[in-house]
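If you want the building blocks of each chain, they are given just below.
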Amino acid sequence: MTEITLRSWLLAEIPGSRLQARCQWAFINWLAFKRNPVALIGLLIILGLVAVAALAPWITTSNGLELHLSERLQPPSSEHWFGTDELGRDIYDRIIWGSRITLYIVALVSIIVVPIGLVIGIVAGYMGGWVDTCLMRLTDIFLAFPRLILAMALVATLGRGLENAVLAIALTTWSPFARIARAEALTIRNSEFILAARVQGVSTIGILFRHVTPLCMSSVTVRLTLDMAGIILTAAGLGFLGLGAQPPTPEWGAMISLGRQYLIDQWWVPTVPGIAILVVSLGFNLLGDGLRDVFDPKSGS
Amino acid sequence: MDQTSANGQREAGSGLTLPSNLVKVTGVLASLIMTFIGLTAITFVIGRLMPADPVLAIVGDRASQEVYEQVYLQLGLDKPIYEQYFRYIGQLLQGDLGTSIMTAQPVADDIKRFFPATLELATIATLLGVFVGIPMGVVAAVHQGRWPDHIVRVISLIGYSAPIFWLGMVALLIFYANLDWVAGPGRLDVYFDGIIEPMTGVLLIDAAMAGDWEIFQNALSHLILPASILGTFALAYIARMTRSFMLDQLSQEYILTARVKGMPESNVIWGHAFRNVLVQLITIIGLTYASLLEGSVLTETVFSWPGIGQYITNSLFNNDMNAVLGGTIVVGVCFVGINMLSDLLYRLVDPRVRG
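The structure reproduced in this document is the subject of the present report. Being a predicted model, the structure only gives us computed values, none of them experimental. (Residues numbered from 1 in each chain as written. Chains lettered and ligands numbered in written order. Predicted model: local features only at pLDDT ≥ 70, side-chain atom pairs only at ≥ 80, totals over all residues. Heavy atoms only, no water.)

Within chain A, the secondary structure is distributed over 13 helices and zero strands. Along chain A, helices and strands appear, N-terminal first, in the series α-α-α-α-α-α-α-α-α-α-α-α-α. Referenced to the eigenvectors of the C-alpha coordinate spread, the extents of chain A come out at roughly 75 × 60 × 35 Å. Per-residue burial for chain A yields a buried fraction of 51% across its 301 residues. Sequence-distant contacts, at least 24 apart, represent 68% of the contacts inside chain A between residues at least 6 apart. Total accessible area on chain A is roughly 14300 Å²; 66% of this is exposed by carbon and sulfur atoms. Across chain A, 21 positive and 20 negative side-chain charges occur, with their mean positions spaced 11 Å apart. (Helix = DSSP H or I, 4+ residues; strand = E, 2+ residues; numbered from the N terminus. Buried < 20%, exposed > 50% of the residue type's maximum accessible area, 1.4 Å probe, protein only. Contact = heavy atoms within 4.5 Å. Areas by Shrake-Rupley, 256 points an atom, 1.4 Å probe, with all protein chains shown as cover. Lys, Arg positive; Asp, Glu negative; His and termini not counted. Charge placed at Lys NZ, Arg CZ, Asp CG, Glu CD.)

Once that is clear, we can look at the overall build of chain B. In terms of regular secondary structure, chain B is built from 15 helices and zero strands. Within chain B, contacts between residues separated by at least 24 positions form 71% of all contacts whose residues are at least 6 apart in sequence. Of the roughly 18100 Å² of accessible surface on chain B, 64% is carried by carbon and sulfur atoms.

With that settled, consider a nonpolar patch on the surface. Residue and element names in this part refer to chain A. A cluster of nonpolar side chains, namely Leu6, Trp9 and Leu19, defines an oily patch on the protein surface of about 300 Å² accessible area. Mapping Leu19 onto the fold places it in helix H2 (residues 18-34). Owing to a relative accessible area of 57%, Leu19 belongs among the exposed residues under this scheme. (Patch = residues over 30% accessible without salt bridge, like charges linked within 9 Å, V, L, I, M, F, W, Y side chains within 5 Å. Salt bridge = Lys/Arg side-chain N within 4 Å of Asp/Glu carboxyl O.)

Facing 42 residues of chain B, the contacting portion of chain A comprises 41 residues. Between chain B and chain A, roughly 3900 Å² of surface is buried when both sides are summed, and carbon and sulfur atoms account for 79% of that area. Together, B:Phe165, B:Trp166 and B:Met169 form the three largest contributors to the area buried by chain B at its contact with chain A, with a combined 16%. At the junction of chain B and chain A, the tally comes to one salt bridge. In this structure, A:Asp289 engages B:Arg240 in a salt bridge whose closest nitrogen and oxygen atoms are separated by 3.1 Å. Remark: the boundary between chain B and chain A carries eight residue pairs in polar contact (both at pLDDT 80 or more). If you list the elements that add at least two residues to the side of chain B that touches chain A, you get helix H2 (14-49), helix H7 (147-161), helix H8 (164-178), helix H10 (213-250), helix H12 (265-302), helix H13 (308-317) and helix H14 (321-349) of chain B. A per-class count over the side of chain B that touches chain A returns 30 nonpolar, eight polar and four charged. (Buried area = accessible area lost by both parts, 1.4 Å probe. Polar contact = N/O pair within 3.5 Å; in protein donor to acceptor, adjacent residues only side chain to side chain. Nonpolar A, V, L, I, M, F, W, Y, C, P; charged D, E, K, R; others polar.)

Residue and element names in this part refer to chain A. The tally for this structure, following the rule as stated, stands at 12 salt bridges over all chains. Here Asp140 ties to Arg179 by a salt bridge, and the two come within 2.6 Å at their closest N and O atoms. Placement of the pair is Asp140 in helix H6 (residues 129-143) and Arg179 in helix H9 (residues 175-189), with a sequence separation of 39 residues. The partly exposed category is assigned to Asp140, whose relative accessible area is 25%. Among the ionic contacts, a cluster of salt bridges with common partners joins Asp85, Arg89 and Arg94.

So, on to helix H13 (residues 268-295) of chain A. Between its first and last C-alpha atoms H13(A) spans 40 Å; for 28 residues at 1.5 Å apiece the expected length is 40 Å, and the two agree. When you tally the buried positions in H13(A), you get 23 out of 28 residues, the bulk of the element. (Expected span 1.5 Å × (residues − 1).)

Residue and element names in this part refer to chain A. Inspection of the secondary structure puts Thr213 in helix H11 (residues 204-241). Reaching out from Thr213, the side chain makes a polar contact with the backbone oxygen of Leu208 at a distance of 2.5 Å. Beyond its immediate stretch of four places on either side in the chain, Thr213 contacts Leu118, Ile122 and Leu208.

With 144 residues, the main nonpolar core has A:Met152, A:Val212 and A:Leu238 as its most contacted residues. Top element by residues in this core is H11(A). It accounts for 17 residues. Residues from two domains meet in this core; each of domain 1 (2-93) and domain 2 (107-354) of chain B gives at least three. Counting residues in each nonpolar core, the second largest holds 22 residues, with B:Ile134, B:Tyr237, B:Met246 and B:Ile269 among its members. (Core = buried A, V, L, I, M, F, W, Y, C linked by side-chain atoms within 4.5 Å. Domains from an automatic or database assignment.)

With that out of the way, let us pick up the packing of H11(A) against H13(A). Residues and elements named next belong to chain A. Interhelical geometry of H11 versus H13 gives an angle of 165 degrees and a closest axis separation of 9 Å. Between H11 and H13, the angle is such that the two are roughly antiparallel. Crossing angle aside, the handedness with which H11 passes H13 is left-handed. Between H11, through Ser218, Val222, Thr225, Leu226, Met228, Ala229, Ile232, Leu233 and Ala236, and H13, the contact on the second element is made entirely by Ile277, Val280, Ser281, Phe284, Asn285, Leu287, Gly288, Asp289, Leu291, Arg292 and Phe295. (Axes fitted to C-alpha atoms, helices over the stretch in contact; angles between N-to-C directions. Parallel < 35°, antiparallel > 145°, perpendicular 65-115°, else oblique. Left-handed = near helix turned anticlockwise from the far one by under 90°.)

So, in structure tokens, the structure goes:
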């Protein structure tokens, strides 16, 4: 009985409150998303990543940093599921703790990239004129850059380390978001509700933040999810080159880099972290494809 | 049948179309110059921000105060910042990228030695991506929703998602260490090193020109694995884009018309739909080639491939900033140049954009 009423509440033709309208929006999109089994797998992978990161202290037996030199380079066994590395650390534990670092990278890049992209894009799109021209020229310049090489050069200046790698990635990633936000702002700018808000005396900044920004969020979210795999791969690549997270941090790319010399005889040392990266970036790609099909059915394949 | 009249029209209207092409070309050139200014501004700022003292890097910390000041003035560090930037641009335009601390040679000369290896790798990888990825994409689109489509989608998803350096390691483990099908890291076996006079720097061409097929074979055996690994990304991207372009074309009405006329299906697909897709693919292939030139950094590290990516990485670890920034500029200019060129080509070829 409650099931039916909840469903009818969620699918009511005219929402009674703002809360109901929001819930309806989420529910209808969820119904569309649910129809895509591949996207659901992606969602499961990402939820799994978050769960593993949150539960890390309870599902590991060590902090992944302690050395046990007597147990170095042991093959996978019931005691060490993924074997041990060159310093006797359990690879399974390091992978689990490394998931926190992956999430940290993802969160940090998003926090930097989305606001920069949104502000530049929305201001350019809403203001138009020479402001638009200047900001978009800047965006185009950043869009045209080779990302990995530029990130490497930036890390060389800022110094090696996880935070600097993230900063370098963020500085080379924000431009597509500005493009998207600008396109959205351009279409919204002349709509009637914006005019209504302006007539009511809402300030420009108020209009930009309260009315334009929320409408840009769905396309920005889709793009962010699709870009996430690339961000993770770049961060892992910088880690692999020794420019990102530094040992003994259990960052997956750095783990591959350290395990490289054991490839031939102890294949599990560099191989397992690579599988972890593959699974997570696959998860983001699948989820991103699914979200795009829901929010932007035209551009989907 | 319409070919001749269309040509006639084009020739008759060439007096009108040429200026609009010219406008587009100058537009592309202008944005190329803007991007170049942006790129150099960033490398200039990076060079200024870096913690190492450029004068100390040249004279060493035992130099006297006079020598230090002399070099300081020589480098123009007493001038205002914009003057320093113009000086930097002037040097770049003359091909002067400074001197490498690591090799004690001009960076430009170093890059001339390392770049052909990267070019060779990226070119073969792009060719692999084009000649395998395009047919895959077409087949997937023609069989949309059936098993060939699913296989292509899975392959391209993995190509998108796998860390390339890890893929390279696994490939080395399987095809070199276990199966011994291909040669290992590096460009040549040690005993072949230095036999061939480097003419172009591209080993395959050099060996072929010298007529030394043993070396050609060895170089190919070294090249094939890193090129395939680097090409995986190209393949994934090209296959995916070809598929979506093809699906777009196949749903158009002219395809229906052709089918209704009773045209053979292979002719509909390759003669009609694919010809239109080919134009769109120009941009995609250019984009791929440019990103592979850049993206070869990780592959080069895994396969000890002595290309520009390795050069930049090694210089980074030795705090050799001239080399790092010089390499960044060269790769950046190639990257931007190829992208603009493919954009330009697309505008010139596609009649709809040509207007």
